[in-house]
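# Examining the three-dimensional arrangement
Each chain, written out:
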Amino acid sequence: QVQLVESGGGLVQAGGSLRLSCVASGSHFSRNDQAWYRQVPGKARELVAKITSRSIVTYADSLKGRFIISRDTTKNTVYLTMNNLIHEDTAVYYCNSVTYRGNEYWGQGTQVTVSL
């Protein structure tokens, strides 16, 4: 069982930056894949960035260069650093983990609002 707790969301002006954090409970953090997704009302949840157990990183094409995913295995924490935010980045951001056994877990989400 993995529990994911996100933090770091909030209101930011366009052009600003935020760093989201997601702390994972349980063991085997470094053996699992972690990812960030986001969702706006009326739309499907979309992948923002992913980091695998082998530290292979992928991003949504539209976000490359502005968003950075990283993790600290000593703290069981995955981060999403978001730079040069635009209004269209407004969404609820969710932390996701897929364990090496194939089980998938989600955090409760954290709201990010980018003002015009």
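That block above? That's the structure.
Residues numbered from 1 in each chain as written. Predicted model: local features only at pLDDT ≥ 70, side-chain atom pairs only at ≥ 80, totals over all residues. Heavy atoms only, no water.

### Points about the state of the cysteines
What is meant by a disulfide is a covalent connection between two cysteines, made through their sulfur atoms. Under the definition given, this model contains one disulfide. Between the sulfur atoms of Cys-22 and its disulfide partner Cys-95 the distance amounts to 2.1 Å. Residues Cys-22 and Cys-95 are joined by a disulfide whose S-S torsion is about -85°; by sign, that bridge is left-handed. Remark: Cys-95 occurs in strand β9 (residues 91-98) and Cys-22 occurs in strand β3 (residues 18-24); sequence separation between them is 73 residues. Since its relative accessible area comes to 1%, Cys-22 is described here as buried. (Disulfide = S-S within 2.5 Å. Helix = DSSP H or I, 4+ residues; strand = E, 2+ residues; numbered from the N terminus. Buried < 20%, exposed > 50% of the residue type's maximum accessible area, 1.4 Å probe, protein only.)

### So, the environment of Val-23
Assignment of secondary structure puts Val-23 in strand β3. We classify Val-23 as partly exposed; its relative accessible area is 42%. Discounting chain neighbours no more than four positions away, the residues touching Val-23 are Gln-3, Leu-4, Val-5, Lys-75, Asn-76 and Thr-77. (Contact = heavy atoms within 4.5 Å.)

By themselves these figures say nothing about function.
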